[in-house]
Structure formats: structure tokens, C-alpha cells
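Working through the structure, step by step
Here are the chains, one letter per residue:
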Amino acid sequence: SYGYAGTIAHALLEAEPHMQRFLPLKASSLAYRHRIFAWRETPHPLVQRRATDADGSESDSFRSPAAGALLAVVADHIVRGRVVFPGAGYLEMARAASVSLSGGAKSAVLSRVFFLQPLVLDGDLSTLAIGIDINAAEERFDVVTEDVEAGSRTSHCAGGAATFSGALPGFSHAGLRASCAQPVAVDAMYTAFRSVGLEYGPEYRTLTSARVSRESGIAVGQLRRRSRREGTRVHPADLDGSLHLMTLGATATEGGEMWLPFSVGEATLCD
């Protein structure tokens, strides 16, 4: 029997009468070989493989198969019955790629991010790859899909991306909460989303409470505590919940109309 991790072992042996004679152990019967296994981090589901140029050198681009780990992270972001890659996923992808190429930065500032065309993930995804190209000199990024079989390439999101390692400017959570006096019924909010085709599954219903200020259009909320990051640092479902707060702020000042984000002026994402 073995204890935890094999640190404690017990053995009971009983010899047959005709096996009482001990045989000498030959030195050559045992061999040991020293091998080193390098530690390997689990790839980020949205930036799984760094691409290479024609000469075999690494490029400032990443590619990820649309199926598998990537699809699992976004599978509950459902719009009118189809899985649609969330805008928040582009933001986390840009953060992860920029930080990975920076050589030590921990955070990224994204600016003037535009969502250009929806990325629908259904049907046969075996030939589809989602990639992100980083232009470090111009501090720009572009998220694309490439279909190897069809030979097509489509741009879905683009914007500015810069990295930094300094401290974030402080702000008062208590002050923001105090300025938002109007509570929002979160369950009713998700019901309203569903009525217009935003059929979020359980993993993308992350807001547990929310409050808004009708005067300033500011909204604050609380997200469900996350137990699994699934290889991400800023999980797209949590970030998507933050974008829901943007919708609440706009709704509070525009007579109940539902707004969806077309672009993000600036976002700071920390590792």
C-alpha cells in the first residue's frame, strides 16, 4: 500500500518454501538515467502558439485553433442561438499577446479598440484559426481569422496596445458605490438581454449585483467569485460583465434604450 505521493510505503512478503535461497543481484541488472523535464506553462487559450515567418523565425503574431480550449472559454457567449466570440475576448487576447512579447511587462493599456465584424463559432471549426498580429513599433493590434482550407482572412477587431509595469492610479471603490444610488435587478437585466437575443449561458452571467447613477451615467457592480481562470489572467466572462455595466450606464441616461458597445476608448488590463 502507498501513502499520499508514495512517501509512505508498506509491503508484506511471504516466501514459498522452495524459494528460501537468496540469489545474488547482478550490478548490471539496474540502470539509472538522469533526465531533465523543462517546466511548461499551460498555453493561454486565446494565444496558444506563436507564429513563425517564412525563414522559421518567430513573428509578433499568435495563432490559436478555433476549436478546443478557445471554444470552451467562450461557449456560453450565445447570441441568437449561436456562439459569438465576445468583444471582451479580443481585449484579453490583446493584453496577453502584448505582455507576452514585452519581455517583462505585467499590464497593458488598450485604446481606440473597434469591433469590426462578429466572429461566429459554429459548424466545422477544424480549419479555422484565430490570430492576433502585434505591431510593437506603432503599438497596434489586429485580431483576424484564417481559414486554411478556404484561404480566407478576415479582420474582426483592431486597436492600440501598449504595455507598462508601473502602479495603477488609485481610485475609491467606496466613493463610486456611494455615487450610484439606484440598484439594478440583475436577473431582470439578463432577462432583458435574452429578449433581444443575448442568450448568455451560466458562465457568462457573472454580475451578482449592480447600481447606477442616473445623473452621471456611472455604474458599479459585483462579479461572481471565479474559481477557475481556465488559463487566462482576465477571464473574458468577467470582462464581459464589466461591459454590461457600460450598457447599464448608457441605459440609465437614454430612456431605457439598450446600447451595445461598438468601440472601447481605453481599457487598462492587469496581469
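In case you missed it, the structure is sitting above this.
What counts and what doesn't
- Residues numbered from 1 in each chain as written.
- Predicted model: local features only at pLDDT ≥ 70, side-chain atom pairs only at ≥ 80, totals over all residues.
- Heavy atoms only, no water.
- 1 Å grid on protein atoms, 1.4 Å probe; cavity = no way out; pocket = protein on both sides within 12 Å on 5 of 7 lines; lining within 4 Å.
- Points joined across faces, edges and corners; volume = space filled by probe spheres on them.
- Helix = DSSP H or I, 4+ residues; strand = E, 2+ residues; numbered from the N terminus.
- Nonpolar A, V, L, I, M, F, W, Y, C, P; charged D, E, K, R; others polar.
- Pairing = 2+ DSSP bridges.
- Axes fitted to C-alpha atoms, helices over the stretch in contact; angles between N-to-C directions.
- Contact = heavy atoms within 4.5 Å.
- Patch = residues over 30% accessible without salt bridge, like charges linked within 9 Å, V, L, I, M, F, W, Y side chains within 5 Å.
- Areas by Shrake-Rupley, 256 points an atom, 1.4 Å probe, with all protein chains shown as cover.
- Salt bridge = Lys/Arg side-chain N within 4 Å of Asp/Glu carboxyl O.
- Buried < 20%, exposed > 50% of the residue type's maximum accessible area, 1.4 Å probe, protein only.
- Core = buried A, V, L, I, M, F, W, Y, C linked by side-chain atoms within 4.5 Å.

Moving on to the layout of surface pockets. If you add up the space inside the largest pocket, you get close to 1200 Å³. Within the residue set of the lining of the largest pocket, elements represented by two or more residues are helix H3 (173–179), strand E10 (207–212), strand E11 (219–223), helix H5 (236–253) and strand E12 (263–270). A class-by-class count of the residues in the lining of the largest pocket yields 20 nonpolar, seven polar and three charged.

Let us now look at the sheet that holds E10. Spatially, E9-E10-E11 is the arrangement adopted by the three strands of the open sheet, whose pairing is antiparallel. The outermost strands of the open sheet, each flanked by one partner alone, are strand E9 (182–184) and E11. Across this sheet, the average inter-strand angle for adjacent strands is 20°, counted without regard to direction. Seen against the sheet, helix H4 (residues 186–195) touches E9 and E10 and runs at an angle of roughly 95° to E10.

In this section: the pairing of E10. Here E9 pairs with E10 via three bridges, running antiparallel. In the strand pairing of E10, valine 184 is matched with alanine 210. By the bridge criterion, five bridges tie E10 to E11 in an arrangement that is antiparallel. In the sheet register, leucine 207 faces E11, and the bridge partner there is leucine 223.

Attention now moves to a nonpolar patch on the surface. Together, Phe171, Leu176 and Ile218 make up an exposed nonpolar region whose accessible area comes to about 260 Å². Assignment of secondary structure puts isoleucine 218 in the loop between E10 and E11.

The subject of this paragraph is the environment of proline 236. Mapped onto the fold, proline 236 is located in helix H5. Its relative accessible area of 0% is what places proline 236 among the buried residues. C-alpha of proline 236 to C-alpha of valine 73: the two residues are 163 residues apart in sequence and 7.7 Å apart in space. Apart from residues lying up to four places away in sequence, proline 236 is in contact with Leu46, Val73, Pro86, Ala88, Gly89 and Tyr204.

Below, the discussion takes up the nonpolar core. Soluble globular proteins tend to bury their nonpolar side chains together. Residues Phe85, Leu121, Ile130, Ile132 and Phe141 are the most contacted members of the largest nonpolar core, which totals 50 residues. Element by element, the count of residues in this core is highest for helix H2 (residues 87–102), at seven residues. Residues within four places of phenylalanine 85 in sequence aside, it is in contact with Leu46, Leu70, Val74, His77, Tyr90, Met93, Leu119, Leu121 and Ile130.

Bridging between strand E5 (residues 107–115) and strand E8 (residues 152–164) involves seven bridges; their strand directions are antiparallel. Looking across to E8, one finds that phenylalanine 115 is bridged to cysteine 157. With eight bridges connecting them, strand E7 (residues 140–147) and E8 associate as antiparallel partners. Bridged to valine 144 within E8 is serine 155. Between E7 and the antiparallel strand that follows it, E8, lie four residues; glycine 151 among them carries a positive phi value of about 70°.

Let us look at the sheet that holds E12. Two strands in a sheet stick together by hydrogen bonds in their backbones, pointing the same way (parallel) or opposite ways (antiparallel). Strand order in the open sheet formed by seven strands is E1-E2-E6-E7-E8-E5-E12, and the pairing between neighbours is antiparallel. Two strands close off the open sheet at either side, each with one partner strand: strand E1 (49–52) and E12. Strand-to-strand, the axes of this sheet are offset by a mean angle of 30°, without reference to chain direction. The sheet strands contacting H2 are E1, strand E2 (58–65), E5, strand E6 (128–135), E7, E8 and E12, and the helix crosses E6 at an angle near 55°.

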